[in-house]
Each structure stands twice: as C-alpha cells, then as structure tokens.
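Structural characterization, general
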2 protein chains.
Amino acid sequence: MAEKRYRIGEFAKLVGLSAYTLRYYEDQGLILPQRDDNGVRFYTTHDIRWVGFILHLKGTGMRLNDLKRYVRLRAAGDSTIPERRAMLQQVKDDAEADIAELQMHLKVLSHKIDWYDGKVDQTIADSESFHDYLQKFQDRG
Amino acid sequence: MAEKRYRIGEFAKLVGLSAYTLRYYEDQGLILPQRDDNGVRFYTTHDIRWVGFILHLKGTGMRLNDLKRYVRLRAAGDSTIPERRAMLQQVKDDAEADIAELQMHLKVLSHKIDWYDGKVDQTIADSESFHDYLQKFQDRG
DNA sequence: AAACACCTTCAAGTGCACTCTAAGGCAAGG
DNA sequence: CCTTGCCTTAGAGTGCACTTGAAGGTGTTT
C-alpha cells in the first residue's frame, strides 16, 4: 500500500502554513516535495514530520538563513552531525536566554499591575510612585 | 540643587537607545523631553525611569501602537487606571503564553540534541529515526 | 463547458521598528 | 575659526519573512 499523497492545498491546511509559504520554503531549499507525472507537488507523512520539526526550530527563534544552513548540513550526511548539534545547542541557549529576559521584564510588569491594584484599593499611598514601590523588590547584590 | 540634565547623546548611551530612536519615540509621542533656552532637548532621571519602563513593556512584546495607547491613557489621568491595568494584564498573559510555547519547542530541540548525542556515542541504534525516538517522550492524553 | 486546483516566473507589496541621509542652521568649547 | 553636538523636515533604506499579483498554462472534476 502506497503512502498517502497530499497536494499542496491539503498539506498547507495540515501543517498550518499557506501554499504560498510552502512554495517559498521550497524556493529557499527547506522542503523538497516530490512531483507526480504532471509536475504537481505532493507531500507525504515524511514531509509532515520534517515541516513539524522546522516549525519547532522556527518556534525557538531560528532564522531562515540558519535553517538553510542546517538543511545543507543535513544533506551532507552524518559527518555534519556535530556541527548540526552545535547549531541546535546555540539556538537552545539563545532561546533560554530570551526566556530569562522575558521573565525579568514580566516581573516588573507584574509589580506594576500589583501597584495599580494597590492604588485602586488604597493599600498603596496615593503619593507613592511606582519607582519607589519597585525599590522594595529590587534584588540587591 | 537642580536635577542633572542629559542631552540626547549622553542620554542615548545611558538608556541604550540611539539618538535616532529617541527622536523617533518622541515623534510617536512616547517620550516628552524638555527643552533648554536654545531649543535643545534635555532628559532627566524622570525620563530614565520612564524609558526604562517602556523597555520593560517592549521587552515583553508590547507593540509601539499599544504603547502609544498606553501613553495616551496615562496622560488622561487616574480614571484610566483600570484600562491600563487591563492592557498590562493582556501583555502579561500573551508573554506567558509565548514562554509556554517557546518551552514546548525547546523540549523537542533538547530531545533532538540528545538524539544526536546518542547517535554519536552509539547508544541509539543507527536505524532509529528521530521521529521514532521522539515517541518515547510523547505525552499521551 | 465551466470550475477548480494546481503549475511557472518575476516582481512588487506588506508590516514592523527602526536607521540613516540630505541639506541647511545654531551655539558652545578649544 | 573650526570642530562637535545639537536642531529641523521629509523622505528613503534596511531586514526579515512572508504575501500577493500578473499573466498564462495544464489536468481533473462536476
């Protein structure tokens, strides 16, 4: 039994990308769908997995250019595994740094929300500025 | 004793934005520096704090347009506090959702790195695909 | 026969947030 | 006097990742 073939429209819905974007990614060398006798693209479950992985990489902030390099390395065979591993590690480290920064900003945001609540229910003096209020939570080295 | 006045160049270095960007933000109504007798901008510690807060908001993913709205509300007085609070809450919720998604992507990335490690030190069968390997960590509902 | 989904190439448009240039002018410091 | 740093307006350029359009073609389905 042959594997199911998805044409671009169906596949687009399946992976949540537009047909435009799928062709664009193909142009960029990120995806290599097969063609039927009429030259029409078709995708298989193999492509579903690959696009899924691409979306994970993009989701962690990887750029198209880096993704292209990754694809080139992949095509070059197992000898490039260390380099690919290093790329992923870099992306991972960057993403973790982004998260840490995001959480730092969120902390201030949360304090500001608390401060608004305090202002509204009068548990924070009308005169106390947010800046003064923030000092209370400042981590001092 | 009068408060220290920072001209745009010095202030730019202080807050980590370019003078271009500071003028741009002023155009957009986000910052309102004062002017000396010659029409030259100057900023004070008050502006340092305000820009600092702007950067926290931007750091959590808030858009300039929303920032503008926030500034307009702020200028309209304390009666807009509930609305401002709601904006911040929205930004916070969005940022937290972003973090959750990022972490989900990171998880897959980490597994891929582990898989590479397993391939290199032969603890993962040469034949085992990443997709099969991933199944082991799949959370099943 | 018409509608539909697909195909091609090439180029232009979109959105966001800057980033920089041009061109001309003012004021303080060395 | 000259350099440095600032001022103005208006507009163009940048980077990224799409997104769309034009314009013409093929094959399948109703």
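What you are looking at is a predicted structure, and each value in this text was computed from that prediction instead of being measured.

1. Structural notes on the UniProt feature "domain: HTH merR-type" (unreviewed entry) in chain A
When the UniProt feature table is mapped onto this chain numbering, "domain: HTH merR-type" (unreviewed entry) sits at residues 5-73 of chain A. Taken end to end, residues 5-73 of chain A is 61% helix and 6% strand, and its two terminal C-alpha atoms sit 27 Å from one another.

2. Here we look at helix α3 (residues 45-59) of chain A
For α3 of chain A, which comprises 15 residues, the first-to-last C-alpha distance of 21 Å matches the rise-based estimate of 21 Å (1.5 Å per residue) to within 8%. All of the buried residues in α3 of chain A are Asp47, Trp50, Val51, Phe53, Ile54, His56 and Leu57 of chain A. Against α1 (8-15), β2 (41-42), α4 (64-75) and α5 (81-120) of chain A together with α5 (81-120) and α6 (130-135) of chain B lie the buried residues of α3 of chain A. Residue glycine 61 of chain A follows α3 of chain A closely and has a positive phi angle near 100 degrees.

3. Here we look at the protein's contact with DNA strand D
Lining the immediate environment of DNA strand D, one finds 16 residues, of which Tyr20 and Tyr25 of chain A together with Gly9, Arg35 and Arg41 of chain B sit closest. One of the side-chain N or O atoms of tyrosine 25 of chain A is found 2.4 Å from a phosphate oxygen in DNA strand D. Where the surface near DNA strand D is concerned, the elements lending two or more residues are α2 (19-27) of chain A together with α1 (8-15) of chain B. Per-element accounting of the surface near DNA strand D gives the leading share, 4 residues, to α2 of chain A. Among the residues making up the surface near DNA strand D, the classes are represented as 6 nonpolar, 4 polar and 6 charged.

4. As for the relation of the copies chain B and chain A
Overlaying chain B on chain A yields an RMSD of 0.0 Å, the required transformation being a rotation through 180 degrees with an accompanying axial translation of 0.0 Å. The transformation relating the two chain copies, once decomposed into turn and shift, fits a two-fold axis. For chain B, the residue whose C-alpha comes nearest the rotation axis is isoleucine 99 of chain B, separated from it by 3.2 Å. Looking at the interface residues of chain B, 100% of them are also at the interface in chain A, so both copies use one shared face.

5. Quick look at helix α2 (residues 19-27) of chain B
All names here are of chain B. Where α2 is concerned, the buried positions are Leu22, Tyr25 and Glu26. The arc enclosing the buried residues of α2, seen along the axis, measures out at 100 degrees, which places them on a common side. Structural note: α2 exposes Tyr20 and Asp27 on the side pointing more than 90 degrees away from its buried face. In the core, the buried residues of α2 are packed alongside α1, β1 (34-35), β2 (41-42), α3 (45-59) and α4 (64-75). After α2 finishes, the residue glycine 29 shows a positive phi value of roughly 85 degrees.

6. Some words on the packing of α1 of chain A against α3 of chain A
All names here are of chain A. Taken N-terminus to C-terminus, the directions of α1 and α3 make an angle of 45 degrees; their axes are 11 Å apart at the nearest point. When the axes of α1 and α3 are compared, the pair comes out oblique. Crossing of α1 against α3: the hand is right-handed. Where α1 abuts α3, its residues Phe11, Leu14 and Val15 lie against Asp47, Ile48, Val51 and Leu55. Its residues placed into classes, the contact of α1 with α3 shows 6 nonpolar, no polar and 1 charged.

7. Observations concerning the pattern of salt bridges
Residue and element names in this part refer to chain A. In the structure shown here, the tally under the stated rule is 14 salt bridges over all chains. The partner of arginine 69 in a salt bridge is glutamate 83, and the shortest N-O contact between them spans 2.9 Å. Pair noted here: arginine 69 is in helix α4 and glutamate 83 is in helix α5, with a separation of 14 residues, a long-range link. The network of salt bridges with shared partners includes Glu26, Arg35 and Arg41.

8. What to know about the interface of chain B and chain A
Counting from both sides, the interface comprises 35 residues of chain B and, opposite them, 35 residues of chain A. Looking at the side of chain B facing chain A, the largest losses of area belong to His56, Leu109 and Tyr116 of chain B, adding up to 18% of the total buried there. Notably, a salt bridge pairs aspartate 117 of chain A with arginine 85 of chain B, separated by 2.6 Å at the nearest N-O pair. Sorting the residues of the side of chain B that touches chain A by element identifies α3, α5 and α6 of chain B as the ones contributing at least two each. Ranked by residue count, the leading element in the side of chain B that touches chain A is α5 of chain B, at 24 residues. Its residues assigned to classes, the side of chain B that touches chain A comprises 18 nonpolar, 8 polar and 9 charged.

9. Some remarks on the nonpolar core
Grouped together as the largest cluster of nonpolar side chains are 78 residues, with contacts concentrated most on Leu22 and Tyr70 of chain A together with Leu22 and Tyr70 of chain B. Sequence-distant contacts of tyrosine 70 of chain A, defined by excluding residues within four places in its chain, comprise Trp50, Phe53, Leu57, Met62, Arg84, Met87 and Leu88 of chain A together with Lys112 and Tyr116 of chain B.

10. Overview of the protein's contact with DNA strand C
As a matter of local geometry, DNA strand C sits amid 16 residues, with Gly9, Arg23, Arg35 and Arg41 of chain A together with Tyr25 of chain B nearest to it. Counting only atoms of DNA strand C within 4 Å of the protein, the fraction found in sugar and phosphate groups is 89%. Here a phosphate oxygen of DNA strand C and a side-chain polar atom of lysine 58 of chain B are 3.4 Å apart. Elements supplying a minimum of two residues to the surface near DNA strand C: α1 of chain A together with α2 of chain B. No other element matches the 4 residues that α2 of chain B contributes to the surface near DNA strand C. Here the surface near DNA strand C is composed, by residue class, of 6 nonpolar, 4 polar and 6 charged.

Procedures and definitions
Residues numbered from 1 in each chain as written. Chains lettered and ligands numbered in written order. Predicted model: local features only at pLDDT ≥ 70, side-chain atom pairs only at ≥ 80, totals over all residues. Heavy atoms only, no water. UniProt positions renumbered as here; feature names shortened; annotations may be inferred. Helix = DSSP H or I, 4+ residues; strand = E, 2+ residues; numbered from the N terminus. Expected span 1.5 Å × (residues − 1). Buried < 20%, exposed > 50% of the residue type's maximum accessible area, 1.4 Å probe, protein only. Contact = heavy atoms within 4.5 Å. Near = heavy atom within 4 Å. Polar contact = N/O pair within 3.5 Å; in protein donor to acceptor, adjacent residues only side chain to side chain. Nonpolar A, V, L, I, M, F, W, Y, C, P; charged D, E, K, R; others polar. Least-squares fit on C-alpha atoms with pLDDT ≥ 70 in both. Arc of directions from axis to C-beta. Axes fitted to C-alpha atoms, helices over the stretch in contact; angles between N-to-C directions. Parallel < 35°, antiparallel > 145°, perpendicular 65-115°, else oblique. Left-handed = near helix turned anticlockwise from the far one by under 90°. Salt bridge = Lys/Arg side-chain N within 4 Å of Asp/Glu carboxyl O. Buried area = accessible area lost by both parts, 1.4 Å probe. Core = buried A, V, L, I, M, F, W, Y, C linked by side-chain atoms within 4.5 Å.

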